[in-house]
Amino acid sequence: MRRPLFATLIAAVLTLSACGTADTPTTTTPGASGGAPTPIKLQLQWFYQAQFAGYIAAVDQGFYKEQGLDVQLLEGGVDIVPQTVLAQGKADYAVAWVPKALASREQGAGITDVGQIFARSGTYQVAWKDSGISTAADLKGKKVGNWGFGNEFELFAGMTKAGIDPGKDVTLVQQQFDMQALLKKEIDAAQAMSYNEYAQLLEATNPATGKLYTPEDFAIIDWKTEGSSMLQDAVWANTDKLSDPAYQQQTVKFLAGTIKGWAYCRDNAEKCRDLVVAKGSKLGKSHQLWQMNEVNKLVWPATGGVGTINEADWKQTVDLSLTTKNQTGDTVLTKQPEGLAFTNDYIKQAQDQAKAAGVDINGAGFQPQTVTLTAGGA
């Protein structure tokens, strides 16, 4: 079915913004020697899974406690817009994709990207190998699935770059957060994250063989290859509070603990998989190990240090957000981001602190694992 997908995100933001600013966390000076840890709330973007393993590990391994912080993770979901929760004062920090958060900023959310944890996009569009679809240009005339809620921006950017009008040249289908529509051949191409939904395909049984599907059964359109990738998981802070020295100090401490958490998961993928499963993820152990491995690929190696916002990648995200049109002709952004949209000031201080503590913030030697998936990801 067709619907104004860019508008879906904006509507959700405006609806949530009308909910008020109750339950505002109190910001106190963190890390006072001998004092009680400062309570911190971090709003995650989705349900507990290895996408957020670094934060889960930082809590479990005491990396935040070392910084004098008592961090509570707030689980995300379909009806939760993390950047709006942050802007409303119901969380101290939030994890959100950059184009979604920038759209919220344009609608008035006072938030700043202070740590770009994912250096690379993990979004795919997946089709059957025998479909003839291998590039964005091949989507013309096809039934194209996507989740909406701001997850479709790279898809529209890729189609636009390939000369495809999403309002005329394809049939857009609202996809569930799984791969059943593709497996049942109800759509020609499905949206998938490299670390989640793509694995669901490889965990499904091929009825023709009785064995699991393999990568050879599918064709992947990778938006990094197509040149329409956008920045994804970042740590966002409250812009107004960044004028407060206590919140600045707290932000550095939070980022330092976060860096240590992600470095731990780089070096201990199985242990972090177990932490995520223990946290209550509904996904199985082999699926979560796949996810941990794929997420690590998006973080490491980190040439400029984990969390550094690369200005060229930021510019590409903004430029695509300004120029890509959806099926109704709307763009993600209507103007350049104003004010303090991002800063590397706090992540650099956190990196310096982590390096002084012996943490490898670059992961130049990172080597991904080979993960064997099982039926259903168990």
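In this numbering scheme, every chain counts its residues from 1 along its sequence in written order. Where totals are concerned, whole chains, interfaces and linings use all residues; where local detail is concerned, this predicted model gives features only for residues with pLDDT of at least 70, and gives and counts side-chain atom pairs only at 80 or more. Each side-chain value is worked out from all heavy atoms of the structure, with water and hydrogens disregarded.

**Quick look at the confidence of the model for the protein chain**
The score called pLDDT rates the predictor's confidence residue by residue, from a low of 0 to a high of 100. In the predicted model, the protein chain carries a mean pLDDT of 92, and the fraction of residues at 70 or more is 91%. Two residues form a contact once any of their heavy atoms are found within 4.5 Å. Within the model, pLDDT remains below 50 along residues 1-32, and this stretch shows 86 contacts once partners closer than five positions in the same chain are excluded.

**A look at the nonpolar core**
Membership of the largest hydrophobic core comes to 78 residues, with the highest contact counts inside it found for Leu-42, Tyr-55, Val-126, Phe-254, Trp-262 and Met-292. Once you skip the residues sitting within four places of it in the chain, Val-126 turns out to touch Met-179, Leu-182, Asp-188, Ala-189, Ala-190, Ala-192, Tyr-198, Leu-201, Phe-218 and Ala-219. Residues belong to one nonpolar core when they are buried, are Ala, Val, Leu, Ile, Met, Phe, Trp, Tyr or Cys, and are joined through side-chain atoms within 4.5 Å. Burial classes follow relative accessibility: with a 1.4 Å probe on protein chains only, a residue under 20% of its type's maximum area counts as buried, one over 50% as exposed, and anything between as partly exposed. Grouped together as the second largest cluster of nonpolar side chains are 22 residues, Ala-96, Ala-103, Ala-157 and Leu-320 included.

**Remarks on the packing of aromatic side chains**
Put simply, two rings from Phe, Tyr or Trp (the six-membered ring, in Trp's case) pair if the centres are within 6.5 Å, and we call them stacked under 30 degrees between planes, edge-to-face over 60, tilted for the rest. Taken as a whole and judged by the stated rule, the model has 16 aromatic pairs. A ring pair is formed by Phe-63 and Tyr-264, whose centres lie 5.9 Å apart and whose planes are at 65 degrees; its orientation type is edge-to-face. Of this pair, Phe-63 sits in helix H3 (residues 63-66) while Tyr-264 sits in helix H10 (residues 245-267), and the two are 201 residues apart along the sequence. Judged by its relative accessible area of 16%, Tyr-264 is buried. Where Tyr-124 meets Tyr-198, the ring centres are 5.7 Å apart and the plane angle is 85 degrees; that geometry is what we call edge-to-face. Residue Tyr-124 is found in strand E5 (residues 123-128), and its partner Tyr-198 is found in helix H8 (residues 197-202); the two are separated by 74 residues along the sequence. Take Tyr-124 and Tyr-198: they sit in the same class, and that class is buried. Over the face of the ring belonging to Trp-97 we find Lys-100, whose NZ or CZ atom lies 4.6 Å from the ring centre. Over the aromatic face of Trp-300 sits the side chain of Arg-266, whose NZ or CZ is 4.4 Å from the ring centroid. Per the convention used, a helix needs a DSSP run of H or I reaching at least four residues, while a strand needs a run of E reaching at least two, with both numbered from the N terminus. The rule is short: NZ of Lys or CZ of Arg within 6 Å of the ring centre and within 35 degrees of the ring normal puts a charge over the ring.

**Side note on the environment of Thr-84**
Mapped onto the fold, Thr-84 is located in helix H4 (residues 82-87). Thr-84 sits 27 residues away from Ile-111 along the chain, and the two C-alpha atoms are 9.0 Å apart.

**A few points about helix H13 (residues 311-323)**
Expected span of a helix: the number of residues minus one, times 1.5 Å. For H13, which comprises 13 residues, the first-to-last C-alpha distance of 18 Å matches the rise-based estimate of 18 Å (1.5 Å per residue) to within 8%. The inward-facing, buried residues of H13 contact helix H5 (98-106), strand E4 (111-115), helix H6 (153-161) and strand E10 (234-238). For this analysis, a polar contact is any N or O atom pair within 3.5 Å, provided that within protein one partner can donate a hydrogen and the other can accept it, and provided that sequence-adjacent residues contribute only side-chain to side-chain pairs. The N-cap residue of H13 is Asn-310: its side-chain oxygen and the backbone nitrogen of Ala-312 are 2.9 Å apart.

**Digging into unusual backbone geometry**
Going from Trp-300 to Pro-301, the amide bond is cis rather than trans, its omega being -5 degrees. Summarising the element assignment, Pro-301 is placed in the loop between helix H12 (285-299) and H13. Look at Phe-149: it is not a glycine, yet its phi comes out positive at around 55 degrees. Tracing the backbone through its elements, the reader meets Phe-149 in the loop between strand E6 (143-146) and H6. Within the chain, Lys-185 stands out as a residue other than glycine whose phi angle is a positive 60 degrees.

**Some details on the pattern of salt bridges**
Take a side-chain nitrogen of Lys or Arg and a carboxyl oxygen of Asp or Glu: if they are within 4 Å of each other, that pair is a salt bridge. A complete count under the given rule lists ten salt bridges for this structure. As a salt-bridge pair, Asp-222 and Lys-224 come within 3.2 Å of each other at their nearest N and O atoms.

**Some details on the layout of surface pockets**
Only protein atoms enter the calculation, which uses a 1 Å grid: trapped sets of points that fit a 1.4 Å probe without letting it out are cavities, open sets showing protein on both sides within 12 Å along at least five of seven lines are pockets, and any residue with an atom within 4 Å of a point is a lining residue. Grid points are joined across faces, edges and corners, and a volume is the space filled by probe spheres set on the points. In this structure, the second largest pocket occupies an estimated 230 Å³ of space. Lining the second largest pocket are 17 residues, with Ala-119, Thr-303, Gly-304, Thr-308 and Asn-310 positioned closest to its centre. When residues are sorted by character, Ala, Val, Leu, Ile, Met, Phe, Trp, Tyr, Cys and Pro go into the nonpolar class, Asp, Glu, Lys and Arg into the charged class, and all the rest, Gly among them, into the polar class. When the residues that make up the lining of the second largest pocket are grouped by side-chain class, the tally is eight nonpolar, seven polar and two charged.

**Side note on the side chain of Ser-321**
One can find Ser-321 in helix H13. Apart from residues lying up to four places away in sequence, Ser-321 is in contact with Pro-99, Met-230, Thr-331, Val-332 and Leu-333.

**Considerations on the sheet that holds E4**
Being paired, for any two strands, means DSSP has found at least two bridges between them. Taken in spatial order, the five strands of this open sheet run E2-E1-E3-E10-E4, and their pairing is mixed. Looking along the sheet, the strands with just one partner apiece sit at the ends: strand E2 (69-74) and E4. Looking at each pair of strands side by side, their axes are set apart by 30 degrees on average, direction ignored. Bridge analysis of strand E3 (residues 93-96) against E10 gives four bridges, and the strand direction is antiparallel. Bridge pairing in E10 links Tyr-93 to Ala-237. Axis definition: a line fitted to C-alpha atoms, over the contacting stretch in the case of helices. Angles run 0 to 180 degrees between N-to-C directions. Against the sheet, H5 contacts E3, E4 and E10, and its axis sits at roughly 20 degrees relative to E10.

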